[in-house]
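Descriptive structure summary
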Amino acid sequence: MNSAAANAGTQKQYFDHLAQGRFLIQRCADCAGHVFQPREICPHCGSEALTWVAPTGRAIVYSCTTVARKPEAGGDYNVSLLDLEEGVRMMSNVVGMPPDQVRIGMAVRAVIGERDGAAAVLFEEAQQ
């Protein structure tokens, strides 16, 4: 199987899990490194021993911006880079608050929501 086809399989698995209400990332059984985006080979050690695991869902906002849109197009929204507790970084949205109130260093937690009609991992401010 070529690498593009293999990666399509792992991406499909990731989105299938989300559609079932489960946020999973990969963990290497050989080096214990966590992996995101889904892959066939561990980027840390080259192993193929990747399994799906549930992350804690806790993260810190690494970077954020507000995308401005007209109200009739849905209004402004936030786009953030988030560092998960497991050591991987992902891009998503912080929801449940005005987009211009999201701050670097803010503690957030993952929730499964919907974006563009499909299940997606979104983040909300973590309650202390």
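Residues numbered from 1 in each chain as written. Predicted model: local features only at pLDDT ≥ 70, side-chain atom pairs only at ≥ 80, totals over all residues. Heavy atoms only, no water.

Looking at the sheet that holds strand S1 (residues 25–28)
Formally: When DSSP finds two or more bridges between two strands, those strands count as paired. Helix and strand definitions follow DSSP, with helices as H or I runs of at least four residues and strands as E runs of at least two, each counted in order from the N terminus.
One open sheet accounts for three strands, arranged S2-S1-S3; its pairing is antiparallel. On the outer flanks of this sheet lie strand S2 (34–35) and strand S3 (50–53), each paired with one strand and no other. Pairing of S1 with S2, which is carried by two bridges, proceeds in the antiparallel orientation. When the bridges of S2 are listed, Gln 26 appears paired with Val 35.

Considering unusual backbone geometry
A cis amide bond links Phe 36 to the next residue, Gln 37, at an omega of 5°. Locating Gln 37 in the fold gives a position in the loop between S2 and S3. At Ala 32, a residue that is not glycine, the phi angle is positive and equals roughly 70°. With respect to the secondary-structure elements, Ala 32 resides in the loop between S1 and S2. In the Ramachandran plot, Asp 116 falls in the positive-phi region, its phi being about 55° despite a non-glycine side chain. Here Asp 116 is to be found in the loop between strand S7 (107–115) and strand S8 (118–125).

So, the UniProt feature "domain: ChsH2 C-terminal OB-fold" (unreviewed entry) in the protein chain
For clarity, the threshold we go by: UniProt positions are given in the numbering used here, feature names are shortened, and annotations may be inferred rather than shown by experiment.
Residues annotated in UniProt with the feature "domain: ChsH2 C-terminal OB-fold" (unreviewed entry) correspond here to residues 52–112. Spanning residues 52–112, this segment combines 0% helix with 49% strand, and its end C-alpha atoms are found 17 Å apart.

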